[in-house]
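The chain contents come next:
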2 protein chains.
Amino acid sequence: MSSIPMESSQKDMTVRRGGREARRAMRAAPLAENERPVRPGLEGGRYKPLSDAEVLKIHNAALDVLEQIGMADAIPSGIEVMTRAGAKLNDNGRLTFPRALVEDTIAKAARHFPLYGQDPRHDMEPWGKRVYFGTAGAAVHMVDPVTGEYRDSETKDLYDIARVVDTLDHVHFFQRSVVCRDLADPFEMDFNTCYASVAGTSKHVGASWVDPKHLEASLEMLHMIAGSEKKWRERPFVSQSNCFVVPPLKFAQDACRCLEVAVRGGMPVLLLSAGQAGATAPAALAGAIVQEVAECLAGLVYVNAIQPGAPAIFGTWCFVSDLRTGAMSGGSSEQALLSAASAQLAQYYDLTGGTASGMTDSKLPDAQSGAEKAYNHALVGNAGANLIYESAGMQASLLGFCLESLLIDNDIIGATQRTIKGIDTSDESLSIETIRKTCLEGPGHYLGSEQTLQRMQTEYIYPGVGDRMNPKEWVEQGRPDAIAKAQKKLKPIMANHFPGHISREVDDAIRAKFPVRLDRAHMGKA
Amino acid sequence: MSSIPMESSQKDMTVRRGGREARRAMRAAPLAENERPVRPGLEGGRYKPLSDAEVLKIHNAALDVLEQIGMADAIPSGIEVMTRAGAKLNDNGRLTFPRALVEDTIAKAARHFPLYGQDPRHDMEPWGKRVYFGTAGAAVHMVDPVTGEYRDSETKDLYDIARVVDTLDHVHFFQRSVVCRDLADPFEMDFNTCYASVAGTSKHVGASWVDPKHLEASLEMLHMIAGSEKKWRERPFVSQSNCFVVPPLKFAQDACRCLEVAVRGGMPVLLLSAGQAGATAPAALAGAIVQEVAECLAGLVYVNAIQPGAPAIFGTWCFVSDLRTGAMSGGSSEQALLSAASAQLAQYYDLTGGTASGMTDSKLPDAQSGAEKAYNHALVGNAGANLIYESAGMQASLLGFCLESLLIDNDIIGATQRTIKGIDTSDESLSIETIRKTCLEGPGHYLGSEQTLQRMQTEYIYPGVGDRMNPKEWVEQGRPDAIAKAQKKLKPIMANHFPGHISREVDDAIRAKFPVRLDRAHMGKA
């Protein structure tokens with residue numbers, strides 16, 4: 001078993017010798033934190049698709065929707081806690097929410113809560129306009145980018161994705177991204193989804209459950225990993241991705257039951273409303289946002305009615321339909337607008353906002369894929385979305401996951417973060433003295449100037465997969481495209497990176513108690 | 001000879017029969033202007049990399065640079081007109097520019113001048129925060145995206161690029177993009193570059209010249225095409241891309257001579273400063289912008305000293321170096337910041353701003369290429385740059401041009417424009433009534449709702465090359481990637497689109513007088 005640290009320290013991995021000594025040397029030499037061009041949690045907000053007045057219009061419309069139309073299909077326990085808090089059950093069975101209830105809920109809701117990693121190095125503080133990127137999804141296929149083969153995803157794929165994410169600088173958290181289709185039993189699937197995720201990475205994990213019992217068993221495992229329930233509650237390192245709503249404006253009953261267990265179990269909840277504009281949400285983009293915001297506010301009332309101040313993520317994941325077919329179009333430019341606007345609403349409420357970006361409609365990591373992911377990330381990131389889900393590895397509007405894309409997308413996120421960091425306009429950066437010296441005293445260029453050497457790391461980010469060779473060098477290297485370059489980067493990670501943050505002893509105890517379906521042989525362990 | 005109109009009317013071209021009748025039918029059925037999701041000249045400005053105070057800091061630093069350091073290597077005629085206007089020639093031979101001179105120049109400079117097409121349908125009004133996209137460059141290779149072959153570019157390639165641009169909805173102007181390497185004689189090269197461009201498209205054209213005599217001959221041709229010199233001066237449909245500066249802060253002597261001829265000949269001038277941060281401009285991004293702005297302001301003084309109010313484009317094209325090698329990195333995220341910030345400076349001066357975006361470092365239209373182009377376009381476009389050059393077709397940081405990329409990039413620009421258009425937050429768009437009807441009275445979804453059908457075209461843009469098939473359909477179609485899809489789109493354009501906006505009579509006259517090196521056989525003409 002071995003471990004490879006952050007990607008920035010493995011720049012030339014493929015040309016170096018393998019072996020423990022070499023890796024130790026690499027680990028010793030990453031860039032100091034203050035020398036890095038980007039870091040997790042940079043502050044966005046320089047892109048504002050909506051004016052302040054427009055944000056307010058959407059907020060008010062959402063309150064109207066909650067007060068006048070409300071939510072259908074609440075479960076009895078939900079009706080009980082929410083009506084006790086002030087919601088009203090109408091004759092038509094819908095729960096409606098008076099403005100004052102929603103406003104009071106927003107005022108008392110949890111804000112500024114960290115999302116923890118098993119390793120504190122990966123803790124996140126996703127509030128204000130700070131931006132973090134992670135995976136997510138429930139893809140049912142793994143994609144071979146060369147043959148175009150789409151095969152069923154399995155538990156070992158989920159683990160592999162997690163351990164690759166564990167090595168990537170720019171993917172800050174890991175949410176379950178593929179479905180373990182090798183596991184037919186729903187309990188085994190839920191339990192092993194959580195197990196494979198937390199075993200594969202020490203970054204913050206998101207997962208989901210279809211039944212409260214599955215979640216309870218998983219919580220028991222998480223207590224074992226944390227050391228105790230108390231320790232788990234101090235630093236919950238897994239959040240629940242909860243589709244508590246079936247848009248438009250209906251509670252999802254099983255999900256609500258799981259939501260109640262998560263809140264009481266100290267697990268942060270991603271209140272995920274995934275309406276699809278033109279299908280399950282209005283085709284007018286503003287209306288789609290109104291509906292999403294209304295739904296997530298209803299979820300917020302629910303969580304705070306169960307336990308005031310319980311940590312919840314405002315998960316406005318408004319998707320897009322191709323109106324010609326009704327199919328989802330995750331790579332569209334309308335998607336970028338919806339997700340970026342979502343970020344502004346969460347900022348307006350000063351809540352931790354989660355939204356989706358980086359979902360291409362392309363089946364392969366080709367130019368379409370790169371473009372769709374990149375314009376979405378550039379805008380959603382610069383809008384200052386706190387938690388950006390689905391940000392790496394997805395293809396075919398969330399139907400497929402591709403490991404090579406994960407590495408390519410890590411570059412896109414790195415570049416996006418560099419744009420979020422923005423332009424330093426300190427006097428030293430304005431460079432009048434540097435220009436004067438270079439033009440009047442110096443060599444007439446800046447290639448070797450003091451400033452250039454100082455800024456080489458802090459001001460500039462370099463891609464991991466992307467290349468900047470000139471055509472001649474590139475021909476000499478065999479004309480690799482992005483897929484070929486990603487494959488080359490992926491190979492040593494797959495061969496060598498098996499995280500060891502869960503001890504053998506704890507793992508033995510988990511395996512003794514629960515039906516773990518991930519072979520140790522696949523985890524680099526004897 | 002035949003003609004295909006705007007791309008939006010040729011959606012299913014490849015599955016339709018060829019022939020004049022079919023094309024006539026297609027031409028009759030484009031979307032009405034007010035039904036299109038995007039149009040040329042949408043207003044950006046929702047992304048602001050710099051605060052207002054930071055813009056002012058850069059402006060003031062640029063004025064300091066011009067006053068204290070100034071420009072070297074002005075030609076005698078330039079020294080004469082600029083010193084007459086108020087510039088000072090120092091003992092060290094540098095021209096310096098008092099603040100008042102620069103401020104007065106900004107006040108009296110031409111603003112709000114249209115850039116004309118030969119066809120008035122393509123006229124542009126590039127001021128304020130309106131955004132137009134076009135080609136540019138001086139690539140020396142044509143790229144085969146399948147084999148990766150880089151071959152020398154020729155005159156017929158330039159013509160082919162122009163006529164493909166002529167068909168694309170989202171590429172609004174055509175600037176010379178490749179060098180005619182088949183022409184060894186500098187006069188023939190300059191003249192035929194202009195000829196192939198204006199013959200290939202009726203959109204506004206940009207070109208450049210190395211010698212005033214070449215420009216004078218080209219102007220004569222342009223008068224013939226316009227009908228007379230007077231008609232040319234009324235609607236100049238070609239602008240001069242003029243690299244009047246060799247950064248840092250040196251005038252380029254040959255270019256200055258051509259600049260003087262263009263200004264006097266009624267040709268708009270793109271004052272192009274192409275410093276490269278870390279090589280010919282400071283590595284600190286803010287300093288690179290300061291230097292660019294200073295240089296373009298010097299150019300503005302020059303133009304206005306020759307002829308007050310002559311049309312000039314503020315061309316801050318600040319490029320990026322990969323500081324590890326010194327090579328240009330057009331696809332970098334630092335590039336997006338530089339070009340977006342440039343747009344803000346032009347807006348501050350209320351001048352027509354031109355900058356570069358869409359230059360990938362990748363040698364092929366792969367995922368890296370798509371991503372680098374897209375995050376640049378998303379940010380530079382949303383910053384509200386008026387004229388975005390290099391926006392389609394380029395590979396290898398401007399060394400190669402790829403026709404398939406041109407079509408792929410047209411999609412990226414379309415998507416970018418959709419994000420620039422933003423979110424309509426009218427009461428109707430907020431959709432409270434639509435939500436109420438759907439949830440309380442309706443079918444519980446929005447698929448066939450009145451609003452959905454109304455918004456299908458106006459609110460949503462559909463890609464031309466990009467596909468949204470599900471994996472099953474895509475497998476049935478033979479698993480095409482973006483390159484394969486672009487090839488399929490390109491084929492009928494190459495076979496059929498030979499623009500006829502220059503009459504045979506005028507063309508005969510041009511050919512009788514000048515050494516046209518583009519065979520009529522290549523132009524679809526007998």
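Residues numbered from 1 in each chain as written. Chains lettered and ligands numbered in written order. Predicted model: local features only at pLDDT ≥ 70, side-chain atom pairs only at ≥ 80, totals over all residues. Heavy atoms only, no water.

Draft legend 1. Seen up close, the overall build of chain A. The number of helices and strands found in chain A is 19 helices and 19 strands. Computed over C-alpha atoms, the radius of gyration of chain A comes to 24 Å, within 12% of the 24 Å expected from 2.2 N^0.38 for 526 residues, which places it in the range of a compact globule. Counting only C-alpha atoms and orienting by the principal axes, one finds that chain A spans roughly 80 × 60 × 45 Å. Scored against the burial criterion, the 526 residues of chain A give a buried share of 66%. Restricting to contacts in chain A with at least 6 residues of sequence separation, those with at least 24 account for 76%. Both charge centroids of chain A, one from 56 positive and one from 64 negative side chains, sit 4 Å from each other. (Helix = DSSP H or I, 4+ residues; strand = E, 2+ residues; numbered from the N terminus. Rg over C-alpha atoms; globule rule 2.2 N^0.38 Å. Buried < 20%, exposed > 50% of the residue type's maximum accessible area, 1.4 Å probe, protein only. Contact = heavy atoms within 4.5 Å. Lys, Arg positive; Asp, Glu negative; His and termini not counted. Charge placed at Lys NZ, Arg CZ, Asp CG, Glu CD.)

Draft legend 2. Layout of the interface of chain A and chain B. Contacts between chain A and chain B engage 108 residues on the former and 108 residues on the latter. Interface area for chain A against chain B, summed over the two sides, is near 9000 Å², with a carbon-plus-sulfur share of 68%. Considering only the surface of chain A that becomes buried against chain B, Ile423, Tyr460 and Arg468 of chain A emerge as the three largest contributors, covering 8% of it. Seen at the junction of chain A and chain B, the total is eight salt bridges. (Buried area = accessible area lost by both parts, 1.4 Å probe. Salt bridge = Lys/Arg side-chain N within 4 Å of Asp/Glu carboxyl O.)

Draft legend 3. Geometry of the relation of the copies chain A and chain B. Rotating chain A by 180 degrees and translating it 0.0 Å along the rotation axis places it on chain B, where the RMSD comes to 0.0 Å. Given the turn and translation reported, the copies of this chain are related as if by a two-fold rotation axis. A shared binding surface is used by both copies, with 100% of the interface residues of chain A retained as interface residues in chain B. (Least-squares fit on C-alpha atoms with pLDDT ≥ 70 in both.)

Draft legend 4. Summary view of empty space enclosed by the protein. For the structure on display, the rule yields five cavities of 30 Å³ or more. Approximately 60 Å³ is the volume attributed to the largest cavity. Lining the largest cavity are Tyr159, Tyr195, Ala199, Pro499, Gly500, His501, Ile502, Asp507, Met523 and Lys525 of chain B. Among the residues forming the lining of the largest cavity, the class breakdown is six nonpolar, two polar and two charged. Every residue lining the second largest cavity is listed: Tyr159, Tyr195, Ala199, Pro499, Gly500, His501, Ile502, Asp507, Met523 and Lys525 of chain A. Residue composition of the lining of the second largest cavity, by class: six nonpolar, two polar and two charged. (1 Å grid on protein atoms, 1.4 Å probe; cavity = no way out; pocket = protein on both sides within 12 Å on 5 of 7 lines; lining within 4 Å. Points joined across faces, edges and corners; volume = space filled by probe spheres on them. Nonpolar A, V, L, I, M, F, W, Y, C, P; charged D, E, K, R; others polar.)

Draft legend 5. Highlighting the environment of Glu450 of chain A. Residue and element names in this part refer to chain A. Residue placement: Glu450 occurs in helix 16 (residues 450–458). The class for Glu450 is exposed, based on a relative accessible area of 62%. Sequence separation between Glu450 and Arg520 is 70 residues, and the spatial gap between their C-alpha atoms is 52 Å.

Draft legend 6. Just the sheet that holds strand 8 (residues 204–207) of chain A, in detail. Residue and element names in this part refer to chain A. A sheet is described by the order of its strands in space; here five strands give the open sequence 7-8-9-12-14, paired in parallel fashion. If you trace the sheet from one side to the other, it starts and ends with strand 7 (173–175) and strand 14 (312–316), each paired once. Averaged over all pairs of adjacent strands, the angle between strand axes in this sheet comes to 20 degrees, irrespective of strand direction. Bridge analysis of strand 8 against strand 9 (residues 238–242) gives three bridges, and the strand direction is parallel. Bridged to Ala207 within strand 9 is Gln240. (Pairing = 2+ DSSP bridges. Axes fitted to C-alpha atoms, helices over the stretch in contact; angles between N-to-C directions.)

Draft legend 7. A look at helix 9 (residues 253–264) of chain B. Residues and elements named next belong to chain B. Here helix 9 spans 17 Å end to end across 12 residues, near enough to the 16 Å set by a 1.5 Å rise per residue. Taken together, the buried positions of helix 9 are occupied by Ala255, Cys256, Cys258, Leu259, Glu260, Val261, Ala262 and Val263. Next to the buried residues of helix 9 lie helix 3 (76–85), helix 7 (212–226), strand 9 (238–242), strand 11 (250–251), strand 12 (269–273) and helix 10 (285–306). In the segment just after helix 9, Gly266 is the residue with positive phi, at about 75 degrees. (Expected span 1.5 Å × (residues − 1).)

Draft legend 8. Structural detail: the nonpolar core. Among the nonpolar cores identified, the biggest contains 332 residues, and Phe97, Leu222 and Phe251 of chain A together with Phe97 and Phe251 of chain B are the most heavily contacted of them. Setting aside residues no more than four positions away along its own chain, Phe97 of chain A makes contact with Leu66, Glu67, Met71, Met82, Ala87, Val102, Phe251, Ala298 and Val301 of chain A. (Core = buried A, V, L, I, M, F, W, Y, C linked by side-chain atoms within 4.5 Å.)

Draft legend 9. Broad picture of the pairing of strand 9 of chain B. Residues and elements named next belong to chain B. Most of strand 9 sits out of view: five of its five residues are buried. Going residue by residue along strand 9, you find Val238, Gln240 and Asn242 tucked away on one face and Ser239 and Ser241 tucked away on the opposite face as well. Both strand 9 and strand 12 contribute to a ladder of three bridges, which runs parallel. Bridge pairing in strand 12 links Asn242 to Leu271.

Draft legend 10. Main features of the pattern of salt bridges. Summed over the entire model, instances satisfying the criterion amount to 62 salt bridges over all chains. Among the salt bridges present, the one from Lys472 of chain A reaches Glu476 of chain A, with a minimum N-O distance of 3.2 Å. Placement of the pair is Lys472 of chain A and Glu476 of chain A together in helix 17 (residues 471–476), with a separation of four residues, close to one helical turn. With a closest N to O distance of 3.6 Å, Arg111 of chain B and Asp350 of chain B form a salt bridge. Taken together, the residues Arg111 of chain B in the loop between helix 4 (99–108) and strand 4 (130–133) and Asp350 of chain B in the loop between helix 11 (333–349) and strand 16 (354–356) connect sequence positions 239 residues apart. Each of Arg504, Asp507, Asp508, Arg511 and Arg520 of chain A takes part in one network of salt bridges that share partners.

Draft legend 11. Representation of the sheet that holds strand 1 (residues 42–43) of chain B. All names here are of chain B. If you trace the four strands from one edge of the open sheet to the other, you get 1-4-17-16, paired in mixed fashion. Edge positions in the sheet fall to strand 1 and strand 16, since each has one partner strand and no second. The sheet contact formed by strand 4 and strand 17 (residues 387–389) spans two bridges and is parallel. Among the inter-strand pairings, Tyr132 is bridged to a residue of strand 17, identified as Leu387.

Draft legend 12. Inspection of the pairing of strand 12 (residues 269–273) of chain A at higher detail. Residues and elements named next belong to chain A. When you tally the buried positions in strand 12, you get five out of five residues, the bulk of the element. Sheet topology note: the strand 12/strand 14 ladder contains five bridges and is parallel. From the neighbouring strand, Leu272 faces strand 14, where its bridge partner is Gly315.

Draft legend 13. Up close: the packing of aromatic side chains. All names here are of chain B. Applying the stated criterion to the full structure yields 22 aromatic pairs over all chains. When the ring of Phe314 is compared with that of Tyr349, the centres are 5.5 Å apart and the planes differ by 70 degrees; the resulting orientation is edge-to-face. Separated by 35 residues along the polypeptide, Phe314 in strand 14 (residues 312–316) and Tyr349 in helix 11 bring together distant segments of the chain. What makes Phe314 buried here is its relative accessible area of 1%. (Phe/Tyr/Trp six-rings, centres within 6.5 Å; stacked < 30°, edge-to-face > 60°.)

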